[in-house]
Amino acid sequence: MMRVLVVDDDFMVAKVHSGYVSRSPGFTVAGVAHTGAEALRAARELHPDLVLLDIYLPDVDGLSVLRQLRADPATQDIDVLIITAARDVETVRGALRGGALHYLIKPFPSSALQAQLEEFATLRRKLHRLAQRSTAGQEDVDAVFGARTPKALPKGLTEQTAELVRQALQAHPDGLSASECAGVTDLSRPSARRYLEHFVAAGRAEVRLRYGGTGRPERQYHWRG
């Protein structure tokens, strides 16, 4: 079981996030903290595998907590996922430079956190396999860092329209169907679907089935990049 420390100043939000973690296979809540000082103390005492870290804390900000975790030999190898309402670019940049795995902006659906936990579990498995070797090849490194060799767009697709579809998906974390994407981007449904399927094939988007009413379930596309 991978152990998670949940850090949020809001008691109810921390409870909700803890519930998300508890319902994710392979994960358990190691502890909960509501201040930066509590988070640092819990990290040293519990040594969790992952910290879900809020930015807005009553004593110090989450980026300060992140830097202190990285500076302490006892906690420097603990992974951190930022979960916050902070949208300013400097905070995002600080999280990236501090070594955070990812950055989730509140509010978000439970599926978004579940996806990040699954990504974390996958990363841990990759690192475990890599640790069995004395050296790493480029493919091994790419697998760990998530790098993919850039590929040319299929015939008939353009970079400009692909960027338009990418922005539409990123702006809708709950996902879009081909019809919804067409409405957002002013493309025809077949064209939108071609771009969406291209992103799926490239591993940059994923498909989930959305059930409702009668008939076949609808394919819903979610950005992964």
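Scroll up to find the structure this text is about.
Residues numbered from 1 in each chain as written. Predicted model: local features only at pLDDT ≥ 70, side-chain atom pairs only at ≥ 80, totals over all residues. Heavy atoms only, no water.

Peer 1: Is there a simple way to explain the sheet that holds strand β1 (residues 2-7) in this structure?
Peer 2: Each strand in a sheet pairs with another by means of backbone hydrogen bonds, the pair being arranged parallel or else antiparallel. The five strands lie next to each other as β2-β1-β3-β4-β5, forming an open sheet whose pairing is parallel. The outermost strands of the open sheet, each flanked by one partner alone, are β2 (27-33) and β5 (102-105). Ignoring strand direction, the axes of neighbouring strands in this sheet form an average angle of 20°. Against the sheet, helix α3 (residues 62-71) contacts β3 (50-53) and β4 (79-84), and its axis sits at roughly 180° relative to β4. Relative to β4, helix α5 (residues 110-131) is tilted by about 170°, and along the sheet it contacts β1, β2, β3, β4 and β5. (Pairing = 2+ DSSP bridges. Helix = DSSP H or I, 4+ residues; strand = E, 2+ residues; numbered from the N terminus. Axes fitted to C-alpha atoms, helices over the stretch in contact; angles between N-to-C directions. Contact = heavy atoms within 4.5 Å.)

Peer 1: Quick question: what am I supposed to make of the packing of α5 against helix α6 (residues 138-145) here?
Peer 2: Taken N-terminus to C-terminus, the directions of α5 and α6 make an angle of 155°; their axes are 9 Å apart at the nearest point. Relative to α6, α5 is oriented roughly antiparallel. Seen along the crossing, α5 lies across α6 with a hand that is left-handed. On the side of α5, the interface is formed by Leu 123, Lys 126, Leu 127 and Leu 130, while α6 contributes Asp 140, Ala 143 and Val 144. Class assignment of the residues belonging to the contact of α5 with α6 gives a composition of five nonpolar, no polar and two charged. (Parallel < 35°, antiparallel > 145°, perpendicular 65-115°, else oblique. Left-handed = near helix turned anticlockwise from the far one by under 90°. Nonpolar A, V, L, I, M, F, W, Y, C, P; charged D, E, K, R; others polar.)

Peer 1: Is there a simple way to explain the packing of aromatic side chains in this structure?
Peer 2: Where two aromatic rings form a pair, the distance of their centres and the angle of their planes describe that pair. The final tally for this structure, using the stated rule, is two aromatic pairs. Centre to centre, the rings of Phe 27 and Phe 120 are 6.3 Å apart; their planes meet at 45°, and the pair counts as tilted. Of this pair, Phe 27 sits in strand β2 while Phe 120 sits in helix α5, and the two are 93 residues apart along the sequence. In this structure Phe 120 comes out as buried when scored by relative accessible area, which is 3%. Taking the centre distance of 5.0 Å and the plane angle of 85° together, the rings of Phe 199 and Trp 223 count as edge-to-face. With a gap of 24 residues between them, Phe 199 in helix α9 (residues 189-201) and Trp 223 in strand β7 (residues 218-223) connect regions that are remote in the sequence. Accessibility expressed as a relative area gives 3% for Phe 199, which makes it buried. We classify Trp 223 as buried; its relative accessible area is 16%. (Phe/Tyr/Trp six-rings, centres within 6.5 Å; stacked < 30°, edge-to-face > 60°. Buried < 20%, exposed > 50% of the residue type's maximum accessible area, 1.4 Å probe, protein only.)

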